[in-house]
Amino acid sequence: MSVERTLSIIKPDGVEKNLIGEIYGRFEKAGLEIVAARMLHLSQEQAEGFYAVHKERPFYNDLVNYMRSGPVVVQVLEGESAVSKHRELLGATNPDDADPGTIRKDFAASIEENVVHGSDGTDTAAEEIAFFFGDDGVCPRTR
Ligand code: ATP
Ligand code: MG
C-alpha cells in the first residue's frame, strides 16, 4: 500500500444531474482527499487530446462530443491506493455491469454517459494530472 494521486472527472451528465456534492461526499467518506479541483468546459482540442488513446475506437467522435456537451468538474484525489480505490467507487464502465452502490450503478444512463472518469493506473494518473493541473496546480494538504 502506498499513497497515490489519481485524476477524477465528473462528466457533463454528472454535472447536469447536480451530483457534484454527492460524488465528492463518496470520495471523502472513502478517505480520499481532494487536492486540486476545477470546473471547465472542454475545448475540442482538450477533449480529443484527453481521450486520444481511444482515437481508433468507433465511439471516439461521440465520446468527444459527449465530453464537450456541458461543463465538467476535474479533481485530483490523494490517498492510500487512490487509483484502485477511486475506480472501485466509480464501478464498471457499463453501468449494467457495475456493482451495487457504485457511482455508475447508481447514476449512469449508459456505457457512454457514465457520469465519471477515473485514471486506470499510476502512470496515466500522472499524465492526466499534468494535463489539467500542470506542474504546480496541486495543493498538498498541510493540515
Ligand atoms: P474512463 O476512462 O472515462 O474512466 P473507463 O476507463 O471505465 O472510463 P474506457 O474504456 O477508458 O472506460 O472508455 C472511456 C469512455 O469512453 C467511457 O467511460 C465511456 O464514456 C466511453 N465508452 C467506452 N466504451 C464505450 C462504448 N462501447 N460505446 C460508447 N462509449 C464508450
Ligand atoms: Mg479509461
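About the thresholds
Residues numbered from 1 in each chain as written. Chains lettered and ligands numbered in written order. Predicted model: local features only at pLDDT ≥ 70, side-chain atom pairs only at ≥ 80, totals over all residues. Heavy atoms only, no water. Near = heavy atom within 4 Å. Polar contact = N/O pair within 3.5 Å; in protein donor to acceptor, adjacent residues only side chain to side chain. Areas by Shrake-Rupley, 256 points an atom, 1.4 Å probe, with all protein chains shown as cover. Nonpolar A, V, L, I, M, F, W, Y, C, P; charged D, E, K, R; others polar. Helix = DSSP H or I, 4+ residues; strand = E, 2+ residues; numbered from the N terminus. Buried < 20%, exposed > 50% of the residue type's maximum accessible area, 1.4 Å probe, protein only. Lys, Arg positive; Asp, Glu negative; His and termini not counted. Salt bridge = Lys/Arg side-chain N within 4 Å of Asp/Glu carboxyl O. Contact = heavy atoms within 4.5 Å. Pairing = 2+ DSSP bridges. Axes fitted to C-alpha atoms, helices over the stretch in contact; angles between N-to-C directions.

**Q** Got a minute to help me understand the site of ligand 1 in this structure?
**A** Inspection of the region around ligand 1 gives 13 residues, with K11, Y51, T93, E112 and N114 positioned closest. Contact between ligand 1 and R87: an oxygen atom at 2.9 Å from a side-chain N or O atom of the residue. Within the side chain of H117, one N or O atom sits 2.9 Å away from an oxygen atom of ligand 1. Across the complex, the protein chains shield 81% of the 580 Å² of accessible surface that ligand 1 would expose by itself. Among the residues forming the shell around ligand 1, the class breakdown is 4 nonpolar, 5 polar and 4 charged.

**Q** Mind showing me how you'd approach the side chain of K11 here?
**A** By secondary structure assignment, the location of K11 is in the loop between β1 (3-10) and α1 (12-16). Although K11 is buried, it makes no salt bridge; D13 carries the closest opposite charge, 6.8 Å away. Here K11 is in contact with Y51, Y66, M67, P71, V72, R104, N114, V115, V116 and H117, once residues within four sequence places are set aside.

**Q** What is the right way to read the pattern of salt bridges from this model?
**A** Inspection of every chain in the model, using the stated rule, returns 3 salt bridges. The shortest N-O distance in the salt bridge between R5 and E78 comes to 2.7 Å. Note that R5 is positioned in strand β1 and E78 in strand β3 (residues 72-80), a separation of 73 residues in sequence. Given a relative accessible area of 16%, E78 falls into the buried group. Notably, a salt bridge pairs E22 with R26, separated by 2.8 Å at the nearest N-O pair. Taken together, the positions of E22 and R26, both in helix α2 (residues 20-29) and 4 residues apart, correspond to about one turn of that helix. In this structure R26 comes out as buried when scored by relative accessible area, which is 19%.

**Q** How should the sheet that holds β1 be read in this particular structure?
**A** Think of a sheet as strands paired side by side through backbone hydrogen bonds, with each pair either parallel or antiparallel. Reading across the sheet, the 4 strands line up as β2-β3-β1-β4 and stay open at both edges, with antiparallel pairing between neighbours. The open sheet has two edge strands with one neighbour each: β2 (33-40) and β4 (116-118). Ignoring which end each strand starts from, the neighbouring axes of this sheet average 20 degrees apart. Sheet topology places β2 next to β3; 7 bridges connect them, and they run antiparallel. Within β3, the position partnered with R38 by the bridge is V74. Of the strands in this sheet, β1, β2, β3 and β4 touch α2, which is tilted by about 10 degrees from β3.

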